[in-house]
Amino acid sequence: MAKSTTRRSILTGAAAAAAASLTSTRVAAQAPARRFQPARHSQDEWLDTVPGKHRTFIDCASVTAAGSGMLYANNLYVANAKGYQLKEADVAVVVCLRHFATIFAFNDTIWGKYGQALSDAVAFVDPKTKTAPTKNLLDDASYAQLPVATISSVSSRGTQFAVCDMATNMLVGLVAASTKGVQEAIYQEFVRNLIPNSHLVAAGVVAVNRAQEYDYTLLTAT
């Protein structure tokens, strides 16, 4: 009788343990997976200050893409106004100028002084004169894909620009070598003459990552 009671106790204990284990497994399986939360850095906080109900980050990495990026920015304002009756302040747009597109992140002061060196750096010439530009052609309505798609036009509507600092330093190095100038002095000159609403970022590719972590939709210009 004692052996039978002991055996029943062992079986009962084992069953209880198995049930508890199964319950624990089910609870763990039903618990929602922990959602990835990216780290935040002070260098990226400006991305969260751009007003708007919808966020778009336009990535431009080539000379041609830079022109398309301005057109895309314009189209976002126009389409959201026409199709959704949204105001320009409702549409957050950031255009990233990186790699070869970075040459357009600087105003006419830089182009007037270093246009030949910039032209040589990315093999870009004025399509009309076939010579090195002496001004930022993306801010000239006669060159833009649409007259309302210039740098000044989209920036006046709220577009912000993420400018690749790595590419800026590369361009500055080439300009310094070409003009026999002092690289640090030329860099500061470039920084002082950024186009409106510009934000120097560590690298354009990093800004592409950070923008998506701040819930911007990525749009790649070609």
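See the structure above.
Below: a short report on this structure. Because the structure is a prediction, the values reported are computed rather than measured.

## Considering helix H3 (residues 108-122)
In a regular helix each residue adds 1.5 Å, so 15 residues correspond to 21 Å; H3 covers only 17 Å between its end C-alpha atoms and thus falls short of that length. The sharpest bend along H3 comes to roughly 85 degrees, located at Tyr114. For H3, the set of buried residues is Ile110, Trp111, Tyr114, Gly115, Ala117, Leu118, Ser119 and Val122. Tucked inside the fold, the buried residues of H3 contact helix H2 (63-84), helix H5 (165-179) and helix H6 (183-192). Just past H3, the residue Ala123 takes up positive phi, approximately 55 degrees.

## Thoughts on the environment of Phe106
Along the chain, Phe106 falls in the loop between strand E2 (91-97) and H3. Its relative accessible area of 0% is what places Phe106 among the buried residues. When residues no more than four places from it in sequence are discounted, the contact partners of Phe106 are Trp111, Asn136, Thr168, Leu171, Phe190, Asn193, Leu194 and Ile195.

## Topic: the packing of aromatic side chains
Two measures describe an aromatic ring pair: the distance that separates the ring centres and the angle between the ring planes. One pass over the full model with this rule turns up four aromatic pairs. Look at Phe104 and Phe124: their rings are 5.5 Å apart centre to centre, the planes differ by 75 degrees, and that puts the pair in the edge-to-face class. Of this pair, Phe104 sits in the loop between E2 and H3 while Phe124 sits in the loop between H3 and helix H4 (151-156), and the two are 20 residues apart along the sequence. Take Phe104: its relative accessible area is 2%, and that puts it in the buried class. Phe124 gets classed as buried once you look at its relative accessible area, which sits at 14%. Among the aromatic residues, ring-to-ring pairing joins Phe104, Trp111 and Phe124 into one connected group. Positioned above the aromatic ring of Tyr214, the side-chain terminus of Arg40 is 3.9 Å from the ring centre. Lying over the aromatic face of Tyr143, Lys128 brings its terminal NZ or CZ to 4.3 Å of the ring centre.

## Things to note about the pairing of strand E3 (residues 160-164)
For a regular strand, side chains alternate in direction, first toward one face of the sheet and then toward the other. Within E3, five of the five residues are buried, which leaves it mostly tucked inside the rest of the structure. Residues Gln160, Ala162 and Cys164 of E3 are buried on one face, and the alternating residues Phe161 and Val163, pointing to the opposite face, are buried as well. Of the pairings in the sheet, the one linking E2 to E3 comprises four bridges and is parallel in character. In the sheet register, Cys96 faces E3, and the bridge partner there is Ala162. The pairing of E3 with strand E4 (residues 198-201) spans four bridges and is parallel. Bridging across to E4, Phe161 finds its partner in Ser198.

## Comments concerning the pattern of salt bridges
All chains considered together, the criterion is met by seven salt bridges. Of the charged contacts in the structure, one is a salt bridge between Arg157 and Glu88, with a shortest N-O distance of 3.1 Å. Taken together, the residues Arg157 in the loop between H4 and E3 and Glu88 in the loop between H2 and E2 connect sequence positions 69 residues apart. With relative accessibility at 19%, the residue Arg157 sits in the buried group. Since its relative accessible area comes to 37%, Glu88 is described here as partly exposed. The partner of Lys135 in a salt bridge is Asp140, with the nearest N and O atoms 2.5 Å apart.

Calculation criteria
Residues numbered from 1 in each chain as written. Predicted model: local features only at pLDDT ≥ 70, side-chain atom pairs only at ≥ 80, totals over all residues. Heavy atoms only, no water. Helix = DSSP H or I, 4+ residues; strand = E, 2+ residues; numbered from the N terminus. Expected span 1.5 Å × (residues − 1). Bend = angle between axes of the 7 residues up to and from the residue. Buried < 20%, exposed > 50% of the residue type's maximum accessible area, 1.4 Å probe, protein only. Contact = heavy atoms within 4.5 Å. Phe/Tyr/Trp six-rings, centres within 6.5 Å; stacked < 30°, edge-to-face > 60°. Lys NZ or Arg CZ within 6 Å of the ring centre and 35° of its normal. Pairing = 2+ DSSP bridges. Salt bridge = Lys/Arg side-chain N within 4 Å of Asp/Glu carboxyl O.

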